[in-house]
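Inside the fold
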Amino acid sequence: MQIKGLRIPIIFICACLSLAILTGGQWAYKEFSVERPFIREIINLNNVENVELIGDSDLPKLVIKLGSNADLASFIAQLREIVASNYKRQVELRLIDERNEELNDVLLTSRFYIYEALVNGNYTEMYFELEQVLNSLDLDEWDLTMDNQYIYLKLYQDSAYLYEIIPLNRQMLVIGGDIPYASN
């Protein structure tokens, strides 16, 4: 079929091929020049066992499995630098640990003290109250630290360990861009 000398089927096929080539090129660039080097740099951080970048939405999810004895504050600082320099987009962060039911129960108890401190701003009192509670439980080790954006809680029991990062501004863990990062 021709319209004033134009071959419509040929034009349609060329448009479809061009679209396929452009889409494939964009995917290849994103996959091999952005995402894989980004993930490789995160995997090279201390105590990182696995990294997965999920979704292509406005806020992709970065799922990271950490090994035991991770320094959470240092890890978050390093991760923030990597995201800002290599990925240049915001990502929601989800940390995977090896928690068990007992550690989850301890976390639920600890949250009362932590969230009360978030409301009242009395972090010293929170630390001393949690110290009494956590020392009375069957834990091998625990650690509670904070910086200007997060409270970091680490609990250890036998081979199980739990990492919790609680943002001082009570938002989810988003890293990159202009929004401060936090944990869920």
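Nothing here was measured: the structure is a model prediction, and the numbers come from that model. (Residues numbered from 1 in each chain as written. Predicted model: local features only at pLDDT ≥ 70, side-chain atom pairs only at ≥ 80, totals over all residues. Heavy atoms only, no water.)

Focus on a negative patch on the surface
Defined as follows: Patch building starts from residues that exceed 30% relative accessible area and form no salt bridge, then joins like charges within 9 Å and nonpolar side chains (Val, Leu, Ile, Met, Phe, Trp, Tyr) within 5 Å. To be clear on the numbers: accessible area is Shrake-Rupley with a 1.4 Å probe, and residue cover counts the displayed protein chains and nothing else. Salt bridges are defined by distance alone: a side-chain nitrogen of Lys or Arg within 4 Å of a carboxyl oxygen of Asp or Glu. Lys and Arg are tallied as positive, Asp and Glu as negative. Neither His nor the chain termini are counted. The location of each charge is read from NZ of Lys, CZ of Arg, CG of Asp or CD of Glu. Note on conventions: DSSP H or I runs of at least 4 residues are helices, E runs of at least 2 residues are strands, and numbering of each starts at the N terminus. Between buried and exposed lies partly exposed: a residue is buried under 20% and exposed over 50% of the maximum accessible area for its type, with that area taken using a 1.4 Å probe on protein chains only.
Taken together, the side chains of Glu101, Glu102, Asp105, Asp138, Asp140, Glu141 and Asp158 make up a negatively charged region of the molecular surface. Ranked by the residues each element gives to the negative patch, the list is headed by helix α3 (residues 101–120), at 3 residues. Relative to the helices and strands, Glu141 resides in strand β6 (residues 141–146). A relative accessible area of 43% means that Glu141 is categorised as partly exposed.

As for the environment of Ile114
Heads up, the rule is: Only heavy atoms matter for contacts: two residues are in contact if any of them lie within 4.5 Å across the pair.
Within the secondary structure, Ile114 sits in helix α3. Along the sequence, Ile114 and Ile166 sit 52 residues apart, while their C-alpha atoms lie 8.4 Å from each other. Discounting residues that sit within four places of it in the chain, Ile114 has contacts with Met126, Leu130, Ile151, Leu153 and Ile166.

Some details on the sheet that holds strand β7 (residues 150–157)
What holds strands together in a sheet is hydrogen bonding between their backbones, with the strands either parallel or antiparallel. The line we're drawing: DSSP-based pairing: two strands are paired if at least 2 bridges between them are found. Only C-alpha atoms enter the line fits that serve as axes; for helices the fit covers just the stretch in contact. Angles between N-to-C directions range over 0 to 180 degrees.
The 3 strands are arranged β6-β7-β8 in an open sheet whose pairing can be described as antiparallel. With one partner strand each, in any of the chains shown, β6 and β8 (160–167) form the two edges of the open sheet. Averaged over all pairs of adjacent strands, the angle between strand axes in this sheet comes to 10°, irrespective of strand direction. In this sheet, β7 lies alongside β6 in antiparallel orientation, the contact comprising 6 bridges. Across the sheet, the residue bridging to Asp143 is Lys154, located in β7. Packing of helix α2 (residues 72–87) onto the sheet brings it into contact with β7 and β8, and relative to β7 it is tilted by some 130°.

Some details on the packing of α3 against helix α4 (residues 123–136)
For any two helices packed against each other, the geometry comes down to the angle between their axes and how far apart the axes lie. The condition that has to hold: Just so you know how the angles are binned, under 35 degrees is roughly parallel, over 145 roughly antiparallel, 65 to 115 roughly perpendicular, and the rest oblique. If you view the pair so one helix is near and one far, a crossing is left-handed when the near helix is turned anticlockwise from the far one by less than a right angle, and right-handed when it is turned clockwise.
Orientation of α3 relative to α4, taken along the N-to-C sense of each, is 165°, at an axis distance of 8 Å. Overall, the two elements α3 and α4 adopt an arrangement that is roughly antiparallel. In this structure, the crossing between α3 and α4 has a hand that is right-handed. Contacts between α3 and α4 involve Val106, Thr109, Ser110, Tyr113, Ile114, Glu116, Ala117 and Leu118 from the former and Tyr123, Met126, Glu129, Leu130, Val133 and Leu134 from the latter.

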